[in-house]
Amino acid sequence: MESFAKKLPFSDLKLSPDGSKLAALVTVSRSGAILVLSVPELKQVGGVRLDGEQQFVRYSWASDTQLVAELGVREGPLAPIDSTGELVAVNADGSNLRYLLGQSGSSGKIGSRLGSKTRKRAFATVIDPLIDDPDHVIVATREINTGEYSKTVLSKLNLKTSRLEELATAPVAGQTRFLLDRDGQPRYVSVGVDSFAVRTWQRAPGQKEWQPLEKEGEFSKSLPLALAEDGKAVFLDSREFGTRSCLVRQALDTGERSKLACHPQVDLDHVMTSFKPHGEPIAAVFQAGKPETTLLATGHPDIQVLKLLKDAFPGKQVEIVSKTRDGVRLLVFTYDDRTIGDYYLFNTKTQGADFLVAVGDWLDPELMGERRPIAVKARDGSTVHGYLTLPPGSDGKNLPLVVNPHGGPFDTRDRWAFDSDPQMLATRGYAVLQVNFRGSEGYGFDFERQGRRAWGTTMIDDINDVTKWLIEKGHADAKRVCIFGASYGGFASLMSAVREPDLYRCVIAEAGIYDLKLWRSDVDFIETDSGKRYFDEGVAANEDEMRAQSPLTTIDRLKAPVLIIHGELDRRAPLTQAKALRRALDAKKHPYEWLVKSDERHGFFTEENVLIRDKAVLEFLGKHLASQP
């Protein structure tokens, strides 16, 4: 059990531009840190740790000897790190940590080791680290003293003086993404104009005015990804040919567009680019079940190298996660459903791959379960995808089943990769079902849209339909099915058992939401205009919808006992949710168990608490999914 509770020691590995060093994000207690190692010896040569509970959201090598990083805070393991929009720089050896830009300035909020700079009431993020210019990076900033609707400004930031040289301003306010050419000039800008829609503009070299790609009132069907190395084309993530997005090439002189890679079931997941900075796409990756990498027929020489790597690791997904400025050395990451992943250093000239380090090497892949992709027709005829993780050595028949809905629920999905909770349960003899229900990302615009304001209806129908299908096919024992999810998954677990009271023997709800009206009044993100829009457009638009889609409204239908897991400090799903559920269960004298930790937020963080949580989950499942309950 300790193996599954153990925290991963590092993430987000990146080679320095000259390939002499390797950096990684690490977490020490609840503080963020960057570790710098020599290559290939992997000896520590530097690093930096933040004070308190500050985290690094992301970082970049800004030269061979310097890193620039963005700071943030984390509500808990179930929530992403929220950026505070503050930038710091540090030498690779850990010296000269200095505050560059952001709202804290010299207040000392970040830590006494940071040198003071002029405070700027803005959120900032690095757009281009300019690895060949050690004194500058290109950043996007958004003023916060003018309200949430301020426009994003693209600027060149001096790493010594923190002076900003403005390059461009987005045409409208909203979450913004710029695409730059090789000369650092902005060519495209995409702006989120509401919670689920984007508009895009372009401008020619030497021009300052943005030209919209769409007609007034239309939203973007194409998002710019990269410019061709010869400067003659732009590559787009585009759904102009249907509701699912494809990789498309547009010639800049004629505007002619051509499809390079599409998939009949899913959106473009991501692209792999050629090996030099500002490279162009050489492969498209799709993921209906297992990842599928489509090599492009563009004739780029790096495509053959990528094919060589794919062939060298059969059964694994291969990703290029970092590269040197000359494109000779690549940091390659390989993974499958039973291993978290391995890093290799690959030399494109010698075509040799040297093993560097494994992630989670204390987990034996031979003891893990197979993660099998499935596709099922839901009650309305839509195809719903998911994964069934089987106990090691199982024949996949008549098994006790744990349904494990993902959180989010938007902009996320379950994937074919190692997943700790399903593997932990599978090694104890349970089959685990994960459903990419309506609203999950990656299955087309219509599929995602059908999940909006359907938290307690269509999404739940999909989960229950796939569960019933597994029972009908003989994979699961109809008398031994429980459901266990966290965050939105906690909501979905309780709601599924309320909607189908005879389907589930027990419910485990972790960091969940159970009363939408109460949640709207005290969730952390409701303090922002974008948070209010997200709730109204994605969750529920009025009190009637909130009531109709809240599990507590029809809690009297519930038959299954409940295990409630929550952190007292949770602001994303406040403890008021767990208390409201407890009051409702007490009122109907319904059986439940209670596991709340005073020092945890949205999800349990410490290894000690994770282990306590895992043991409680297994004990609860053991009570209710025994062969003779």
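What you are looking at is a predicted structure, and each value in this text was computed from that prediction instead of being measured.

Participant: Would you take a moment to explain the overall build of the chain for this structure?
Facilitator: Scanning the chain from N- to C-terminus turns up eleven helices and 35 strands. For the C-alpha atoms alone, the extent of the chain along its principal axes is close to 70 × 55 × 55 Å. Looking at the 629 residues of the chain, the share that counts as buried comes to 55%. A fraction of 54% describes how many contacts in the chain between residues 6 or more apart in sequence connect residues 24 or more apart. Roughly 26,200 Å² of accessible area belongs to the chain as shown, and the carbon and sulfur atoms make up 47% of that amount.

Participant: Looking at this structure, I do not really get the side chain of S496. What am I missing?
Facilitator: Inspection of the secondary structure puts S496 in helix α6 (residues 488-499). The exposure class of S496 is buried, given its relative accessible area of 0%. Those residues in contact with S496, other than ones at most four positions away along the chain, are I460, I463, N464, I483 and Y504.

Participant: Even after reading the chapter, I still don't get the sheet that holds strand β13 (residues 175-180), so can you show me in this structure?
Facilitator: Within a sheet, neighbouring strands are paired by backbone hydrogen bonds and run either parallel or antiparallel to one another. Read from one edge to the other, the open sheet built from four strands follows the order β13-β14-β15-β16, with strand pairing classed as antiparallel. Every other strand in the sheet has two partners, leaving β13 and β16 (211-212) as the edge strands with one partner each.

Participant: Sorry, what's going on with the state of the cysteines here?
Facilitator: Should the sulfur atoms of two cysteines be covalently bonded, the bond is a disulfide. Considering all chains together, one arrives at two disulfides under this definition. One disulfide in the model links C246 with C262; its S-S distance is 2.0 Å. Residues C246 and C262 share a disulfide whose torsion about the S-S bond is about 115°; that sign makes it right-handed. In this pair, C246 sits in strand β19 (residues 246-251) while C262 sits in the loop between β20 (257-261) and β21 (270-273), placing the two residues 16 residues apart along the sequence. Here C482 pairs with C506 through a disulfide, and the sulfurs are 1.9 Å apart. In this structure, the disulfide formed by C482 and C506 twists by about 120° around the S-S bond and is classed as right-handed. Note that C482 is positioned in strand β32 (residues 476-486) and C506 in strand β33 (residues 506-510), a separation of 24 residues in sequence. C506 matches C482 in its accessibility class, with the two residues each being buried. Ordinal numbering of bonded cysteines along the chain defines a disulfide pattern of 1-2, 3-4.

Participant: Sorry, what's going on with helix α5 (residues 458-472) here?
Facilitator: In an α-helix, one turn spans 3.6 residues, which is why side chains three or four residues apart end up on the same side. For α5, which comprises 15 residues, the first-to-last C-alpha distance of 21 Å matches the rise-based estimate of 21 Å (1.5 Å per residue) to within 8%. Taken as a whole, α5 has its buried residues at M459, I460, D461, D462, I463, N464, D465, V466, T467 and L470. At its buried positions, α5 is contacted by β28 (371-377), β29 (383-389), β30 (399-403), β31 (431-436), β32 and α6. One or two positions beyond α5, positive phi appears at G474, with a value near 85°.

Participant: Help me understand the packing of α5 against α6 in this model?
Facilitator: Describing two packed helices takes the angle between their axes plus the distance from one axis to the other. In contact at an axis separation of 10 Å, α5 and α6 are set at 70° when each is read in the N-to-C sense. Between α5 and α6, the interaxial angle falls into the category roughly perpendicular. Contact residues: α5 offers M459, I460, D461, I463 and N464, while α6 offers Y488, A492, M495, S496 and R499.

Participant: Would you mind showing me how to read the packing of aromatic side chains here?
Facilitator: Geometrically, a pair of aromatic rings is defined through the distance of the ring centres and the angle of the planes. Applying the stated criterion across every chain, the model contains 15 aromatic pairs. Residues F178 and W210 carry aromatic rings whose centres are separated by 6.4 Å and whose planes lie at 40° to one another, so their mutual orientation is tilted. Taken together, the residues span a long stretch of sequence, with F178 in strand β13 and W210 in the loop between β15 (198-202) and β16 at a distance of 32 residues. Overall, F178 belongs to the buried group, its relative accessible area being 7%. Measuring from centroid to centroid gives 5.6 Å for Y344 and F355, while their planes differ by 75°, and the two rings are edge-to-face. Here F355 lies in strand β27 (residues 352-359) and Y344 lies in strand β26 (residues 341-347), a separation of eleven residues in the sequence. Three or more aromatic residues joined by ring pairs form one cluster here, namely F410, F437, W455, Y488, F491, W519, F525, Y534 and F535. A cation sits over an aromatic face here: R203 above W210, 5.1 Å from the ring centre. Directly above the aromatic system of W594 lies the positively charged group of R582, at a separation of 4.0 Å from the ring centroid.

Thresholds, definitions, all that
Residues numbered from 1 in each chain as written. Predicted model: local features only at pLDDT ≥ 70, side-chain atom pairs only at ≥ 80, totals over all residues. Heavy atoms only, no water. Helix = DSSP H or I, 4+ residues; strand = E, 2+ residues; numbered from the N terminus. Buried < 20%, exposed > 50% of the residue type's maximum accessible area, 1.4 Å probe, protein only. Contact = heavy atoms within 4.5 Å. Areas by Shrake-Rupley, 256 points an atom, 1.4 Å probe, with all protein chains shown as cover. Pairing = 2+ DSSP bridges. Disulfide = S-S within 2.5 Å. Expected span 1.5 Å × (residues − 1). Axes fitted to C-alpha atoms, helices over the stretch in contact; angles between N-to-C directions. Parallel < 35°, antiparallel > 145°, perpendicular 65-115°, else oblique. Phe/Tyr/Trp six-rings, centres within 6.5 Å; stacked < 30°, edge-to-face > 60°. Lys NZ or Arg CZ within 6 Å of the ring centre and 35° of its normal.

Honestly, that's just the spatial picture; any functional story needs more than this.
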